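Architecture at a glance
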Amino acid sequence: MNPTIGIFGERLAAGRAVANLRSVGFSLESISVLPPGNASSIAGRVPTSEAEQPRIGAAMGGVIGGAVGAAGGAELGAAVAATALLSTTGPAIAIGLVGALLLSLGGAAAGSAIETALANGLPKDEVFVYEAALRQRCSIVVVSTSDAEERKTATMTLEASGAQSVDAARDRWWVGLRDIEAFDYRSDALDFRRDEPIYRKGFEAAQSLSARDLPSRDATQYLKQRYPDTYENPAFRRGYDRGRAHYRRLLAARPRRRGDNNG
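Residues numbered from 1 in each chain as written. Predicted model: local features only at pLDDT ≥ 70, side-chain atom pairs only at ≥ 80, totals over all residues. Heavy atoms only, no water.

A short note on the pattern of salt bridges
Applying the stated criterion across every chain yields a total of 11 salt bridges. Ionic pairing is found between Asp 184 and Arg 238, a salt bridge with its closest N-O pair at 3.1 Å. Of this pair, Asp 184 sits in helix α9 (residues 166-186) while Arg 238 sits in helix α12 (residues 234-253), placing them 54 residues apart in sequence. Judged by relative accessible area, which is 21%, Arg 238 ranks as partly exposed. In this structure, a network of salt bridges that share partners links the residues Glu 181, Asp 184, Asp 188, Arg 238 and Arg 242. (Salt bridge = Lys/Arg side-chain N within 4 Å of Asp/Glu carboxyl O. Helix = DSSP H or I, 4+ residues; strand = E, 2+ residues; numbered from the N terminus. Buried < 20%, exposed > 50% of the residue type's maximum accessible area, 1.4 Å probe, protein only.)

Some points on the pairing of strand β3 (residues 139-145)
Summarising burial for β3: seven of the seven residues are buried, a large majority. Of the two faces of β3, both are covered, the one formed by Ser 139, Val 141, Val 143 and Thr 145 as well as the one formed by Ile 140, Val 142 and Ser 144. Where strand β2 (residues 31-34) and β3 come together, four bridges link them in antiparallel fashion. Residue Val 33 lies in a different strand from β3, and its bridge partner there is Val 141. (Pairing = 2+ DSSP bridges.)

Regarding the side chain of Ser 30
Among the secondary structure elements, Ser 30 is positioned in the loop between α1 (11-23) and β2. For Ser 30, the side chain forms a polar contact with the main-chain oxygen of Ser 27, separated by 2.7 Å. (Polar contact = N/O pair within 3.5 Å; in protein donor to acceptor, adjacent residues only side chain to side chain.)

With respect to the confidence of the model for the protein
In regions of low pLDDT, the predicted coordinates are not meant to be interpreted in detail. Averaged over all residues, the pLDDT of the protein equals 71, while 63% of them reach at least 70. Looking over the protein, one finds the lowest element-wise mean pLDDT in helix α3 (residues 56-70), namely 30, and the highest in helix α10 (residues 192-205), namely 97. Segment residues 40-120: pLDDT under 50, and 126 contacts once partners within four positions in sequence are set aside and those in other chains are kept. (pLDDT = per-residue confidence, 0-100. Contact = heavy atoms within 4.5 Å.)

A word on the packing of aromatic side chains
Geometry of an aromatic ring pair is reported as the spacing of the ring centres plus the angle between the planes. Enumeration over the complete set of coordinates arrives at nine aromatic pairs. Centroid distance Trp 174 to Phe 203: 5.4 Å. Interplanar angle 65°. Geometry classified as edge-to-face. Of this pair, Trp 174 sits in helix α9 while Phe 203 sits in helix α10; the two residues are 29 residues apart in sequence, bridging distant segments of the chain. On the basis of relative accessible area, Trp 174 is assigned to the buried category, the value being 3%. (Phe/Tyr/Trp six-rings, centres within 6.5 Å; stacked < 30°, edge-to-face > 60°.)

Focus: helix α8 (residues 148-160)
For α8, with 13 residues, the first-to-last C-alpha span of 18 Å sits near the 18 Å given by 1.5 Å per residue. If you check which residues of α8 are buried, you get Ala 154, Thr 157 and Leu 158. The arc enclosing the buried residues of α8, seen along the axis, measures out at 95°, which places them on a common side. Among the exposed residues of α8, those oriented more than 90 degrees off its buried face are Ala 148, Glu 149, Met 156, Glu 159 and Ala 160. The opening residue of α8, the one whose side-chain oxygen lies 3.2 Å from the backbone nitrogen of Glu 149, is Asp 147. Of the residues one or two after α8, Gly 162 is the one with positive phi, at around 100°. (Expected span 1.5 Å × (residues − 1). Arc of directions from axis to C-beta.)

Okay, here's the thing in structure tokens:
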């Protein structure tokens, strides 16, 4: 099964999307909600598995199902109360809130399991888009689809519910970075307008799960295999180097979680 994904700027809209998906026949087991604000829990820690996209709904359901069982009565009650305030009826929202609460309390085990589920369910070249969306306080609804017809239905339902597409989220992410990247590029008398597409491709390549933690000595071989037509282009390589620096800044800025080394 493959995931169909919608990004929502408001949690209420995500709740409506869950209700709409249920109304067209999707089971709760096939729907997962990633609540906003958890990007720091997955940035730089998602395993780099090469596995194709499995049933992420089932994977996340199992992860959060265990988290619900581990939560105390007060935590669960707080999550249910918060869900009631959202005026939604989807248990997936409550599940997401419990998961977020456990992570905010330092639930390292739950966080690790969520990271694994994300890596196994989302395309490795797109994970950074979802991380950025979560940092921007968006919610993400993930639907497991078994065939083209289900995927079409899920896509139409998410769009009708107000979902932002992955491409739109990716463009918004780039708009937030573009000015400073253009300034740096032009500081060497280079033509950013001409070179922006290839520069951006290199910058995005550095955000991929496959490239993030590669030592510099291995980067050229990876880029040669993954981008054979562009890896030697100076604009691409500069974008890649700047993208790596950007990712390192994100890692340095993320809050420490319980269980992280103090050194």
